[in-house]
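If you want the building blocks of each chain, they are given just below.
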Amino acid sequence: MANGQWFPPDWPDRIRGLADGTLTPVTPKRAATVMLLRDTGTGPAVHMLRRRASMAFAGGAYAYPGGGVDPRDDDHRVRWAGPSRAWWADRLGLDEKAAQAIVCAAVRETYEEAGVLLAGPGPDSVVGDTTGADWEADRAALVARELSFAEFLDRRGLVLRSDLLGAWTRWITPEFEPRRYDTWFFVAALPEGQRTRNASTEADRTVWIRPQDAAAAYDRGELLMMPPTIATLRQLVPYGSPAEALAAAPGRDLTPVLARARLVDGGVVLSWPGHEEFTKHVPAGGPATP
């Protein structure tokens, strides 16, 4: 491959099945992921994890902390600070209940996978170090779904700081994929006093890396990534600090990006609207080419 774009070998056959009606698209699950940023003195670095090679979906690919919505994330008991649920509903194009679930998933998954918690005792504060044994016990209970996020916040006397998040973009897994997600990408700055760690059972490595360095490694074929990951990395390059990226987030277009596939002369052309670099041409019986 010329770059690090993740391209499953079964995609062409699945695309043909979608075109001839033998493949029925599955409904995408709601999900959220967070591009966690910190200052380096020469621009922001982003926290990334590498998915274990054994993972069925995107094994070996670099991604951000994130995951699916827990049905309990819709719970209106969630302690909340920052823009209202109505504001987030308008920003995300959802109803208030669904908007809360997406924001909760973003905060909860960042804590579950990176040990970073965007919450505080009040609307103008944020917790410090979260690496103690008692914190780890609560984090493990969240991962096991033995504890809801609302219950976790109540137990700790904390409120979710929705103002520490900025909605950045939205991508939907292609219709021909067996595992589909409707994913909102957020940006956030690493809170002072907190530090990341690899708390995910799905990752074998984590790194802090400048977006331009990660993109260059992808271009050399050294880092494997899915289209949404490299696309968002390139979008972060112009910003000189996490604060600049967060300030830009409210103006970002959240129209969903969904891949399109069409059959041409027996082959497949796969494209992502607005992201021409990911276009793939798969000739009949042949490998994918840019």
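So, a few notes on the structure that sits alongside this text. (Residues numbered from 1 in each chain as written. Predicted model: local features only at pLDDT ≥ 70, side-chain atom pairs only at ≥ 80, totals over all residues. Heavy atoms only, no water.)

1. Brief notes about the overall build of the protein
The condition that has to hold: Labels follow the DSSP assignment, with helices taken as runs of H or I lasting at least four residues and strands as runs of E lasting at least two, numbered in each case from the N terminus. Throughout, radius of gyration means the C-alpha value; the globule benchmark is 2.2 Å times the number of residues raised to the power 0.38. Here the term buried applies to any residue with accessible area under 20% of the maximum for its type, exposed to any over 50%, and partly exposed to those in between, with areas from a 1.4 Å probe on protein chains only. Residues count as neighbours in contact if any of their non-hydrogen atoms are within 4.5 Å of one another. Charge convention: Lys and Arg are scored as positive, Asp and Glu as negative, and His as well as the terminal groups of each chain are ignored. Where a charge lies is defined by one atom per residue type, namely NZ (Lys), CZ (Arg), CG (Asp) and CD (Glu).
Within the protein one finds eight helices and 14 strands. Taken over the C-alpha trace, the protein has a radius of gyration of 19 Å; the compact-globule value for 290 residues is 19 Å, and the two agree within 12%. Referenced to the eigenvectors of the C-alpha coordinate spread, the extents of the protein come out at roughly 60 × 40 × 35 Å. Counting over 290 residues, the protein shows a buried share of 52%. Long-range pairs, those at least 24 residues apart, make up 70% of the contacts in the protein between residues at least 6 apart in sequence. Positive and negative side-chain charges of the protein, numbering 33 and 37 respectively, have mean locations separated by a distance of 2 Å.

2. Concerning the nonpolar core
Keep this limit in mind: We define a nonpolar core as any set of buried Ala, Val, Leu, Ile, Met, Phe, Trp, Tyr and Cys residues linked to one another through side-chain atoms lying within 4.5 Å.
Counting residues in hydrophobic clusters, the biggest one holds 40 residues, and the most contacted among them are Leu-92, Leu-117, Leu-165 and Phe-186. Secondary structure elements with two or more residues in this core: β1 (29-39), α2 (85-92), α3 (96-114), α4 (133-143), α5 (149-156), β8 (165-172) and β9 (181-189). Residue contributions to this core peak at 10 residues, all from α3. Sequence-distant contacts of Phe-186, defined by excluding residues within four places in its chain, comprise Ala-32, Thr-33, Val-34, Met-35, Trp-88, Leu-92, Ile-102, Ala-106, Leu-165, Gly-166, Ala-167 and Trp-168. Within the second largest apolar cluster, 35 residues are counted, among which are Val-207, Leu-223, Ala-249 and Val-282.

3. Regarding the environment of Asp-129
What counts is decided by this rule: Polar contact criterion, stated in full: a pair of N or O atoms within 3.5 Å, where within protein one must be able to donate a hydrogen and the other to accept it, and residues adjacent in sequence count only if both atoms are side-chain atoms.
Relative to the helices and strands, Asp-129 is located in the loop between β6 (119-120) and α4. Among the residues examined, Asp-129 registers a relative accessible area of 42% and is labelled partly exposed. Remark: the alpha-carbon pair of Asp-129 and Leu-142, spanning 13 residues in sequence, is separated by 18 Å. Excluding anything up to four places from it in sequence, Asp-129 contacts Trp-135, Gly-193 and Arg-195. A polar contact is formed between the side chain of Asp-129 and the side chain of Thr-131, at a distance of 2.7 Å.

4. Some words on α3
We apply this condition: Here a helix's expected span is defined as the number of its residues, less one, multiplied by 1.5 Å.
For α3, with 19 residues, the first-to-last C-alpha span of 27 Å sits near the 27 Å given by 1.5 Å per residue. α3 sits mainly inside the fold: 17 of its 19 residues count as buried. In this structure Asp-95 caps α3, since a side-chain oxygen of it lies 3.1 Å from the backbone nitrogen of Lys-97. Looking at the residues trailing α3, positive phi occurs at Gly-115, about 75°.

5. Re the pairing of β8
This is how the line gets drawn: Being paired, for any two strands, means DSSP has found at least two bridges between them.
The element β8 is extensively covered by neighbouring structure, given that eight of its eight residues are classed as buried. Here β8 pairs with β9 via seven bridges, running antiparallel. Paired with Ile-172 across the strands is Asp-182, a residue of β9. The sheet contact formed by β8 and strand β11 (residues 257-258) spans two bridges and is parallel. Pairing of Trp-171 across the sheet is with Val-257, part of β11.

6. Topic: the side chain of Arg-91
Worth spelling out the cut-off: By definition here, a salt bridge exists when the distance from a side-chain nitrogen of Lys or Arg to a carboxyl oxygen of Asp or Glu is within 4 Å.
Tracing the backbone through its elements, the reader meets Arg-91 in helix α2. For the buried Arg-91, no salt bridge is present, and the opposite-charge side chain at shortest range is Asp-253, 6.8 Å distant. At a separation of 2.7 Å, a polar atom in the side chain of Arg-91 contacts the main-chain carbonyl oxygen of Ala-249. Excluding its chain neighbours within four sequence positions, the residues that come into contact with Arg-91 are Ala-167, Ala-249, Pro-250, Gly-251, Arg-252 and Leu-254.

So, to be careful, I would describe these as geometric facts and stop short of saying anything about function.
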